[in-house]
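Survey of secondary and tertiary structure
Each chain is listed here by its residues.
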Amino acid sequence: MRREKDMKKILFLHGFFASGSCQMATALKEALDGHAIVLTPDLPLHPKAALEQIRLIIDTENPDLMIGNSCGSFYAQMLAPIVGIPALLGNPHFRMTHFLKERIGEHQYKAPRKDGNQTIIIDETLINEFAELEDNQFNYVNPYYKDRIWGVFGEQDTLAHYEPLFLEYYNNAYHFPGGHTPSEQEVKTWYVPLAIKMLMKFPVHKERYFRHFKGGMYKYIHSAFDSETQERMVVYQALYGNMSYWVRQENMFFENIERNGKRFSRFTETDV
C-alpha cells in the first residue's frame, strides 16, 4: 500500500439531491482505499457558490481527477479545461433548469450533510442561477480535453439523456446497465476501473502550455485574484520575443470566441 502523500487524489462532485456522504461517495472511497484519496465535499445548493467552493478545494488539494454525477458532472465539465484536470462525467445533467422546474418547492437531501441542514428550497431564483450557467456551460470547451473528459451513461437512466450532446464536444462515452444514480456495485464495477484508467492515462501536468489562435505560444504561470474585484485572473508568459508576462481575465483566457463565422478557443492547450 502506498503512503498517503504518494497517492493520487480524486475530487468527487455529487448530484443535486445528494451529499458528500452519499452511497456513490462511500463506494468510491471503499473501492479506492489504499490507492487514491477521494475527497467528497458537501456542495452548496446554489451553483455559483458550488463552483467557487470546488475551485478553492482544487487550489488547496490539487486533485488528479474529478468524478461527477448528474449536477456534479455539470460542474466538472465546465471546470476541467480551466483547472487542467481530467474528468469522468457520470450521467451528466446539462439541463438542470428542466429538472428543477418540475420540482419547485421544499425537498430534503437524500444523504446527511455535515452542517445538519437537510432542507432544499427550489424556487425561481435558483432556477435562474442555473439558467445563466447553462447558457455558457460549453464556452470553455478546449480541443485538448476532447479525450480527457469521459462520460459514463446508465442505460436505464430516466432523468438525463444527454449522451448526444456530450458527444458533440467529447470523444469517449461508456455505458453501464444501471440508472441515473449508480448502485454501490455499479460504482465499483464500472466507475472505478474507468477512474483508474484515467489516472494512469492522463497525469496532471505541473506546467501548462497554450497556443494563441494567432500562433503565439505561452506558458500558464498561475491563477490570481484581482485585489479590487476578486475576479479570477490568469498570469501567463510569452515563449517568444522578450518573454513578457501578461495578465488576462480567466474567463477571457479560456473562453471560445468567434471569428469569420468560426468558433474556436482563444488559447488552445498543448503538450509542448
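The structure contained in this document is the topic of the report that follows. (Residues numbered from 1 in each chain as written. Predicted model: local features only at pLDDT ≥ 70, side-chain atom pairs only at ≥ 80, totals over all residues. Heavy atoms only, no water.)

Within the protein, the regular secondary structure consists of 8 helices and 15 strands. Since a compact globule built from 272 residues should have a radius of gyration of about 19 Å, the 19 Å found for the protein is in line with a globular shape. Looking at the protein as a whole, 52% of its 272 residues are labelled buried. Relative to all contacts within the protein whose residues are 6 or more apart in sequence, the contacts with residues 24 or more apart total 60%. Looking at the protein as shown, the accessible area adds up to about 13,500 Å², and 50% of this sits on carbon and sulfur atoms. (Helix = DSSP H or I, 4+ residues; strand = E, 2+ residues; numbered from the N terminus. Rg over C-alpha atoms; globule rule 2.2 N^0.38 Å. Buried < 20%, exposed > 50% of the residue type's maximum accessible area, 1.4 Å probe, protein only. Contact = heavy atoms within 4.5 Å. Areas by Shrake-Rupley, 256 points an atom, 1.4 Å probe, with all protein chains shown as cover.)

So, about the pattern of salt bridges. Taken as a whole and judged by the stated rule, the model has 10 salt bridges. As a salt-bridge pair, Lys48 and Glu132 come within 3.2 Å of each other at their nearest N and O atoms. Of the two residues, Lys48 is situated in helix 2 (residues 47-61) and Glu132 in helix 5 (residues 124-134); the sequence distance between them amounts to 84 residues. Assessed through its relative accessible area of 40%, Lys48 is described here as partly exposed. Look at Glu132 and you get partly exposed, because its relative accessible area is 42%. (Salt bridge = Lys/Arg side-chain N within 4 Å of Asp/Glu carboxyl O.)

Bringing the pairing of strand 13 (residues 256-259) into the picture now. The pairing of strand 13 with strand 14 (residues 262-265) spans 4 bridges and is antiparallel. What sits directly across from Asn256, in strand 14, is Ser265. The loop that links strand 13 with its antiparallel partner strand 14 comprises 2 residues; one of these, Asn260, has a positive phi angle of about 55 degrees. (Pairing = 2+ DSSP bridges.)

Here the focus is the sheet that holds strand 12 (residues 245-249). Two strands in a sheet stick together by hydrogen bonds in their backbones, pointing the same way (parallel) or opposite ways (antiparallel). Reading across the sheet, the 5 strands line up as 12-11-10-9-15 and stay open at both edges, with antiparallel pairing between neighbours. Strand pairing shows two members of the sheet lacking a second neighbour, strand 12 and strand 15 (267-270), which therefore form its edges. Averaged over all pairs of adjacent strands, the angle between strand axes in this sheet comes to 40 degrees, irrespective of strand direction. In this structure, strand 9 (residues 208-212) lies alongside strand 15, joined through 4 bridges in antiparallel fashion. Its bridge partner lying in strand 15, Tyr209 is registered against Thr270. (Axes fitted to C-alpha atoms, helices over the stretch in contact; angles between N-to-C directions.)

Let us now look at the sheet that holds strand 4 (residues 87-90). In spatial order, the strands read 2-1-3-4-7-8; together these 6 strands make up an open sheet with parallel pairing. Two strands lie at the open edges of the sheet, namely strand 2 (36-39) and strand 8 (172-176), each paired on one side alone. Between one strand and the next, the sheet's axes are offset by a mean angle of 20 degrees, whatever the strand orientation. Pairing analysis gives 4 bridges linking strand 1 (residues 8-13) to strand 2, with the strands arranged parallel. Its bridge partner being in strand 2, Ile10 is matched across the sheet by Val38. The strands touched by helix 2 within the sheet are strand 1, strand 2 and strand 3 (65-69), with strand 1 carrying the most contacts at an inclination of about 175 degrees. The strands that helix 3 (residues 71-83) touches are strand 1, strand 3, strand 4 and strand 7 (149-154); relative to strand 3, the one it contacts most, it runs at about 155 degrees.

Within the secondary structure, Ser70 is located in the loop between strand 3 and helix 3. Note on Ser70: relative accessible area 7%, which makes it buried. The contact partners of Ser70, leaving out residues within four places of it in the chain, are Gly15, Gly90, Asn91, Pro92, His93 and His180.

What follows concerns the environment of His180. Positionally, His180 belongs in the loop between strand 8 and helix 7 (184-201). For the pair formed by His180 and Ile37, sequence separation is 143 residues and the distance between their alpha carbons is 25 Å. In contact with His180, not counting residues within four places along its chain, are Asn69, Ser70, Asn91, Asp157, Leu159 and Ala160. At 3.0 Å, the side chain of His180 and the side chain of Asp157 are in polar contact. (Polar contact = N/O pair within 3.5 Å; in protein donor to acceptor, adjacent residues only side chain to side chain.)

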